Amino acid sequence: MAATGVTMEGKSQLRFALAAALAGLAWGYMRHRREPRAPLFAALQALEWFVAYGGAAALIERARLAVEGPEDEVFDEFERITHIREEIDERTGTEG
């Protein structure tokens with residue numbers, strides 16, 4: 001975990017979403033360039049692509065870490081266990 005409390009995956013996800021937003025801005029403007037509200041449509045397209053590519057989740061993660069503060073780094077190395085499933089394989093000795 002980085003010193004700011006944001007994981008590298010979170011940073012790269014945010015960068016990717018920002019790149020998608022810039023692409024959406026350009027696409028939205030090119031698509032509606034002849035309309036008087038082209039900048040508005042471009043901004044909406046950028047926002048849509050930003051959210052679709054995980055930008056909102058990355059911003060929420062950053063906000064949560066800012067409020068809670070960085071967690072103990074020991075727990076960041078492990079995944080959370082949400083449930084345990086036990087499988088029992090019984091052998092009777094009569095099978096080939």
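Whatever comes next refers back to the structure up there.
Here the structure is a predicted model, which is why all the values come from computation and not from measurement. (Residues numbered from 1 in each chain as written. Predicted model: local features only at pLDDT ≥ 70, side-chain atom pairs only at ≥ 80, totals over all residues. Heavy atoms only, no water.)

> Which residues make up the overall build of the chain, and what values go with them?
The number of helices and strands found in the chain is four helices and zero strands. The helix and strand sequence of the chain, counted from the amino end, reads α-α-α-α. A burial count over the chain gives 22% of its 96 residues as buried. In the chain, once contacts between residues fewer than 6 apart in sequence are set aside, the share between residues at least 24 apart is 56%. (Helix = DSSP H or I, 4+ residues; strand = E, 2+ residues; numbered from the N terminus. Buried < 20%, exposed > 50% of the residue type's maximum accessible area, 1.4 Å probe, protein only. Contact = heavy atoms within 4.5 Å.)

> Could you give me a rundown of the packing of aromatic side chains, with the residues and numbers involved?
Enumeration according to the criterion identifies one aromatic pair in this entry. Their ring planes at 80° and their centres at 5.4 Å tell us that F16 and Y53 sit as a pair that is edge-to-face. Separated by 37 residues along the polypeptide, F16 in helix α1 (residues 8–31) and Y53 in the loop between α2 (38–52) and α3 (55–68) bring together distant segments of the chain. Judged by its relative accessible area of 43%, Y53 is partly exposed. (Phe/Tyr/Trp six-rings, centres within 6.5 Å; stacked < 30°, edge-to-face > 60°.)

> Give a description of the nonpolar core that names residues and reports values.
Ranked by size, the top nonpolar core spans six residues in total: L14, A17, A21, A46, F50 and A58. For this core, the secondary structure elements donating two or more residues are α1 and α2. Counting residues per element, this core draws most heavily on α1, which supplies three residues. Beyond its immediate stretch of four places on either side in the chain, A46 contacts A21, G24 and L25. (Core = buried A, V, L, I, M, F, W, Y, C linked by side-chain atoms within 4.5 Å.)

> Lay out the pattern of salt bridges in plain terms, naming residues and giving numbers.
Scanning the model with the defined rule gives one salt bridge in all. The residue R64 makes a salt bridge to E68 at a minimum N-O spacing of 3.1 Å. With R64 and E68 both in helix α3 and four residues apart, this pair spans about one turn of that helix. Of the residues examined, R64 reaches a relative accessible area of 35% and is grouped as partly exposed. (Salt bridge = Lys/Arg side-chain N within 4 Å of Asp/Glu carboxyl O.)

> Which residues make up the side chain of Q45, and what are the values?
Looking at the element boundaries, Q45 is found in helix α2. Look at Q45 and you get buried, because its relative accessible area is 12%. Setting aside its immediate chain neighbours within four residues, Q45 contacts G24, W27, G28 and R31.

> Lay out α2 with the relevant residues and their values.
If you check α2, its first and last C-alpha atoms are 21 Å apart, about what 15 residues at 1.5 Å a residue would give, namely 21 Å. G54 occupies a position one or two residues after α2 and carries a positive phi of about 90°. (Expected span 1.5 Å × (residues − 1).)

> Could you give me a rundown of the side chain of H32, with the residues and numbers involved?
Along the chain, the position of H32 falls in the loop between α1 and α2. With relative accessibility at 17%, the residue H32 sits in the buried group. Setting aside anything within four residues of it in sequence, one finds H32 in contact with A38 and F41.

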